[in-house]
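Summary of structural features
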Amino acid sequence: MSPRARTVVLISGRGSNMSALVEAARSPDFAAEIVLVLSDEPGAPGLAIAREAGVAAEAIDFRAYPGKAAFEAALEARLRAERAEIVCLAGFMRVLSPSFVERWKGRILNIHPSLLPNLRGLNTHERALRQGVAEHGCTVHFVTAELDAGPIIAQARVPVLPGDDAEALAARVLREEHRIYPAALNAVARSLTSANVREARLNPR
Ligand code: GRF
């Protein structure tokens, strides 16, 4: 494990969470460094945003592969080549296979726009409004084979206000996403790097 955990961010779209991670990782005290941004969509606006921020960014176009296994093999090869230690999903719209997720167990994170376990899956803001809940929010969790069901690392709550539509609610949640995702990555990276330092002390080469 590197002194700062080498982290790759996977996106499919606008990349605002990715930007929040990149900004946070500029601080020398941050326990992770963002070494690469990858998108399964070559047209993802987040790719250009990452490059403007000085971070390498590439597409691995899902359509260029005969199927999910071949796409995931290319993704895995790129992660290995980059010596990635942590993977952050940030608006990455593909469900990764159980074998992929298992290989990255404890080192693959996702941000989800609801208070899990409530509202797994898509369209969470519309569904929160339909449920009539008083509170909504976001969750950072470890990715496991079951969608949006892995161990929770951090959550933030926001009120649902009278007159909210899905857009207003999404914006309120997104502000919290940008706060808790960097904090969660920092905590996970710190625990992985310090566990590694402990192990190196116990088993000196
Ligand atoms: C965020 O709401 C995130 O919680 C969800 O997808 C959206 C991605 O937005 N998984 P962005 O690409 O990070 O701006």
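Structure: above.
Residues numbered from 1 in each chain as written. Predicted model: local features only at pLDDT ≥ 70, side-chain atom pairs only at ≥ 80, totals over all residues. Heavy atoms only, no water.

**A word on the site of the ligand**
Around the ligand lies a shell formed by R14, G15, S16, N17, G91, I111, H112, P113 and E177. Between the ligand and N17, the relevant distance is 2.8 Å, taken from an oxygen atom to a main-chain nitrogen or oxygen of the residue. Within the side chain of E177, one N or O atom sits 2.7 Å away from an oxygen atom of the ligand. Contact with the protein chains covers 85% of the free accessible surface of the ligand, which is 360 Å². For the ligand, the cavity whose grid points lie within 2 Å of the majority of its atoms is the largest pocket. Where the shell around the ligand is concerned, the elements lending two or more residues are α1 (16-24) and β5 (108-112). Class assignment for the residues of the shell around the ligand results in 2 nonpolar, 5 polar and 2 charged. (Near = heavy atom within 4 Å. Polar contact = N/O pair within 3.5 Å; in protein donor to acceptor, adjacent residues only side chain to side chain. Areas by Shrake-Rupley, 256 points an atom, 1.4 Å probe, with all protein chains shown as cover. 1 Å grid on protein atoms, 1.4 Å probe; cavity = no way out; pocket = protein on both sides within 12 Å on 5 of 7 lines; lining within 4 Å. Sits in = over half its atoms within 2 Å of the grid points. Helix = DSSP H or I, 4+ residues; strand = E, 2+ residues; numbered from the N terminus. Nonpolar A, V, L, I, M, F, W, Y, C, P; charged D, E, K, R; others polar.)

**Some remarks on helix α3 (residues 68-81)**
A rise of 1.5 Å per residue sets the reference length of α3, with its 14 residues, at 20 Å; its end C-alpha atoms lie 20 Å apart and thus fit the reference within 8%. All of the buried residues in α3 are F71, E72, A74, L75, E76 and L79. Where α3 is buried, its residues contact β1 (5-11), β2 (32-39), β4 (86-89) and α4 (98-103). (Expected span 1.5 Å × (residues − 1). Buried < 20%, exposed > 50% of the residue type's maximum accessible area, 1.4 Å probe, protein only. Contact = heavy atoms within 4.5 Å.)

**A few points about the packing of aromatic side chains**
This model, assessed by the stated rule, comprises 2 aromatic pairs. Look at F62 and F71: their rings are 5.2 Å apart centre to centre, the planes differ by 65°, and that puts the pair in the edge-to-face class. Among the residues examined, F71 registers a relative accessible area of 2% and is labelled buried. Ring geometry for Y65 and F71: centres 6.2 Å apart, planes at 70°, overall edge-to-face. Overall, the relative accessible area of 30% leaves Y65 in the partly exposed class. (Phe/Tyr/Trp six-rings, centres within 6.5 Å; stacked < 30°, edge-to-face > 60°.)

**As for the sheet that holds strand β3 (residues 57-59)**
The sheet built from 7 strands is open, its strands ordered β3-β2-β1-β4-β5-β6-β7 with mixed pairing. A strand with exactly one partner marks an edge of an open sheet, and here the two such strands are β3 and β7 (152-159). The average angle at which neighbouring strand axes cross in this sheet is 20°, direction not considered. Across the face of the sheet, α3 comes into contact with β1, β2, β3 and β4 while running at roughly 150° to β2. (Pairing = 2+ DSSP bridges. Axes fitted to C-alpha atoms, helices over the stretch in contact; angles between N-to-C directions.)

**Points about the layout of surface pockets**
Of the pockets and cavities examined, the largest pocket occupies roughly 930 Å³. Along its surface, the largest pocket is lined by 38 residues, and G91, M93, I111, P113 and L122 are the ones closest to its centre. For the lining of the largest pocket, the elements supplying multiple residues, two or more each, are α1, β5, α5 (124-131) and α6 (166-202). A per-element tally of the lining of the largest pocket places α6 first, with 5 residues. (Points joined across faces, edges and corners; volume = space filled by probe spheres on them.)

**Some points on the nonpolar core**
Among the nonpolar cores identified, the biggest contains 38 residues, and V9, I34, V37, I86, V140, Y181 and L185 are the most heavily contacted of them. If one sorts the elements of this core by residue count, α6 sits on top with 8 residues. Sequence-distant contacts of V9, that is, excluding residues within four places in its chain, are made with M18, L21, I34, L36, V37, L38, C88 and A90. By size, the runner-up hydrophobic cluster in this structure holds 20 residues, among which are V35, F71, A74 and V143. (Core = buried A, V, L, I, M, F, W, Y, C linked by side-chain atoms within 4.5 Å.)

**A short note on the state of the cysteines**
Enumeration over the complete set of coordinates arrives at 0 disulfides. Distance from the sulfur of C88, which forms no disulfide, to the nearest cysteine sulfur (C138) is 14 Å. You can call C88 buried: its relative accessible area is 0%. (Disulfide = S-S within 2.5 Å.)

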